[in-house]
Amino acid sequence: MNMDSTPRNLFSNKQVTHTPDSSASMIDIRKVIKIFKNAAGEFTVLKGIDLSIERGQFVSIVGKSGSGKSTLLNMITGIDHPTSGHVIVNGTDLYTAMDESGRSLWRGKNLGIVFQFFQLLPMLSLLENVMLPMDYADMYDFDERPKRAMELLALVGLEKQASKLPLAVSTGQQQLAAIARALATNPPLLVADEPTGNLDSRSTDYIIQLFEKLVAEGKTVVMVTHDPSLTARTTRNIIISDGELVDETVAIALPLLKHRQMLAVTQKARRVHFAPGAAILNREQHVDSFFMISSGEVEIVLDGKNREDVTVARLMPGQYFGEVELLREGKSIASVRAAAEGPVELLVLDRVDFHNLLRESPLTEESIGRIVQHRLTENKSIARHSKRIWPFS
Ligand code: ADP
Ligand code: MG
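Note that the structure is predicted; figures quoted are calculated from it, not measured.

(A) Broad picture of the pattern of salt bridges. Applying the stated criterion across every chain, the model contains 23 salt bridges. Residue Arg145 is joined to Asp135 by a salt bridge in which the shortest nitrogen-to-oxygen separation is 2.6 Å. A residue pair is termed long-range when its members are at least 10 positions apart, and Arg145 in helix 4 (residues 145-155) and Asp135 in helix 3 (residues 126-137) qualify at 10 residues. Of the residues examined, Arg145 reaches a relative accessible area of 7% and is grouped as buried. Notably, a salt bridge pairs Asp205 with Arg233, separated by 2.5 Å at the nearest N-O pair. Of this pair, Asp205 sits in helix 6 (residues 201-216) while Arg233 sits in the loop between helix 7 (228-231) and strand 9 (236-241), placing them 28 residues apart in sequence. Note on Asp205: relative accessible area 31%, which makes it partly exposed. Connected through salt bridges with shared partners, the residues Glu297, Glu299, Arg314, Arg337 and Glu341 form a single ionic network.

Put into structure tokens, the structure is as follows:
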């Protein structure tokens, strides 16, 4: 296999993917609950999941073993069904609009699935394995199928292995063939459950590059992974902890927390909204909360009598403020306002919860402590440079 060849564009000028409503999300999961029942009783694996994934995103889903990752993917693929809630994929409500056989046919045309253990049919060649979904979905002319399957094998660097049986090639190559098979019907969505869990780092890297290439061509890729190094390469990372999703702002703002601690913050934080330009905190105001920016931008302004306003910082989603005052038990050292360009959503954590959090996570305490030092130094220096007497030293 040629690991270095860049996958070619196979999807331009080809059959246009059917998109019932191209403006809507690729995946919309609403209030999904999944309860497994067995002799021992009931076990709630998904505890009310809400999640939207836009078209063209490359999303990783991470979580401890048993947290519900595969169960969540099986809701998206229609392999399993929720106990309650809705799953809308590519404009179709999977569980109200279709029965089991309808779902199965829909799946063949709308999504490609890649598993950790490839699941190629051992008695068929790689080429025949890739042609199988085309037969099943009855897509493409019979005569066209081998050519198209060969193009897909070339895309993943396997054209020379096309006639081999799965066991005659390496595990990395088997997974690449499984990806080619998943792309057989040119679905807009690729769903992969730990696709690199069984592979060496070179094969893993090649597969992630392939996914990146597919995303660049407009496909949506959702990948469950155990490997934290892969999440840096996706455009969005979803964390599931014990059947619930961690707020993505919390995960970005406080990355050193354990997943269950992130979930606790998610559950305790309040959401507040500000109009563009609105005041969030005034200088000298008593600060009793920790603020994480969920959307929009925030300006930190040094203002006061006899001085012009100096904007010392502009904070983006995932950044936070309020920690300086909470840790120094002080009043606000600056005023904070929503930037003029758009509305702001904040996640707000009360003082008590913030202090508990730092107690439970020394790493987070240390990292926030460093930011406090940095911000105080920066503010003093800005105040000095603006040649004004700065009263907070
Ligand atoms: P993950 O993929 O994150 O490791 P899973 O979604 O496979 O987790 O499983 C989440 C939990 O649900 C586990 O505790 C698992 O034992 C349980 N579970 C999964 N499938 C079933 C099933 N068919 N019947 C009963 N329990 C199940
Ligand atoms: Mg799993």
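(B) Region of the structure containing helix 6. Helix length check: helix 6, at 16 residues, gives a terminal C-alpha distance of 22 Å against a target of 22 Å (1.5 Å per residue), a fit within 8%. Of all the positions in helix 6, only Ser203, Thr204, Tyr206, Ile207, Ile208, Leu210, Phe211, Leu214 and Val215 are classed as buried. If you follow the buried residues of helix 6, they end up packed against strand 3 (58-62), helix 4, helix 5 (171-182), strand 7 (189-193), strand 8 (220-224) and helix 7. Its side-chain oxygen 3.0 Å from the backbone nitrogen of Arg202, Asp200 forms the N-cap of helix 6. Just past helix 6, the residue Gly218 takes up positive phi, approximately 105°.

(C) A look at the site of ligand 1. Close to ligand 1 lie Phe36, Phe43, Val45, Lys64, Ser65, Gly66, Ser67, Gly68, Lys69, Ser70 and Thr71, which account for all nearby residues. Note that an oxygen atom of ligand 1 is positioned 3.1 Å from one of the backbone N or O atoms of Gly68. The separation between an oxygen atom of ligand 1 and a polar side-chain atom of Thr71 is 2.5 Å. When contributions to the shell around ligand 1 are tallied by element, the ones reaching two or more residues are strand 2 (41-53) and helix 1 (69-77). Counting residues per element, the shell around ligand 1 draws most heavily on helix 1, which supplies three residues.

(D) Structural detail: the sheet that holds strand 8. Read from one edge to the other, the open sheet built from six strands follows the order 6-7-8-3-9-10, with strand pairing classed as mixed. This sheet does not close on itself; its edge strands, each paired only once, are strand 6 (111-114) and strand 10 (244-245). Pairing geometry for strand 3 and strand 8, over four bridges, is parallel. Its bridge partner lying in strand 8, Ser60 is registered against Met223. The strands that helix 2 (residues 100-110) touches are strand 6 and strand 7; relative to strand 6, the one it contacts most, it runs at about 85°.

(E) View of the domain arrangement of the protein chain. Here the domain parsing of the protein chain yields domain 1 (3-21 + 56-83 + 92-245) and domain 2 (260-386). Spacing between the C-alpha centres of domain 1 and domain 2 amounts to 42 Å. Taken together, the contacts link four residues of domain 1 with five residues of domain 2. Carbon and sulfur atoms supply 58% of the area that domain 1 and domain 2 bury against each other, a total of about 340 Å² over both sides. Applying the counting criterion to the domain 1 and domain 2 interface returns zero salt bridges. At the boundary of domain 1 and domain 2, one finds one residue pair in polar contact (both at pLDDT 80 or more).

(F) The arrangement of the packing of helix 3 against helix 5 in detail. Packing of helix 3 against helix 5 leaves a shortest axis separation of 8 Å and a crossing angle of 30°. Our classification of the angle between helix 3 and helix 5 gives roughly parallel. Relative to helix 5, helix 3 is oriented so that their crossing is right-handed. Taking contact as the criterion, the partners of Leu126, Asn129, Val130 and Pro133 in helix 3 are, on helix 5, Ala177, Ala180 and Arg181. Looking at the contact of helix 3 with helix 5 residue by residue, the class counts come to five nonpolar, one polar and one charged.

Calculation rules
Residues numbered from 1 in each chain as written. Chains lettered and ligands numbered in written order. Predicted model: local features only at pLDDT ≥ 70, side-chain atom pairs only at ≥ 80, totals over all residues. Heavy atoms only, no water. Salt bridge = Lys/Arg side-chain N within 4 Å of Asp/Glu carboxyl O. Helix = DSSP H or I, 4+ residues; strand = E, 2+ residues; numbered from the N terminus. Buried < 20%, exposed > 50% of the residue type's maximum accessible area, 1.4 Å probe, protein only. Expected span 1.5 Å × (residues − 1). Contact = heavy atoms within 4.5 Å. Polar contact = N/O pair within 3.5 Å; in protein donor to acceptor, adjacent residues only side chain to side chain. Near = heavy atom within 4 Å. Pairing = 2+ DSSP bridges. Axes fitted to C-alpha atoms, helices over the stretch in contact; angles between N-to-C directions. Domains from an automatic or database assignment. Buried area = accessible area lost by both parts, 1.4 Å probe. Parallel < 35°, antiparallel > 145°, perpendicular 65-115°, else oblique. Left-handed = near helix turned anticlockwise from the far one by under 90°. Nonpolar A, V, L, I, M, F, W, Y, C, P; charged D, E, K, R; others polar.

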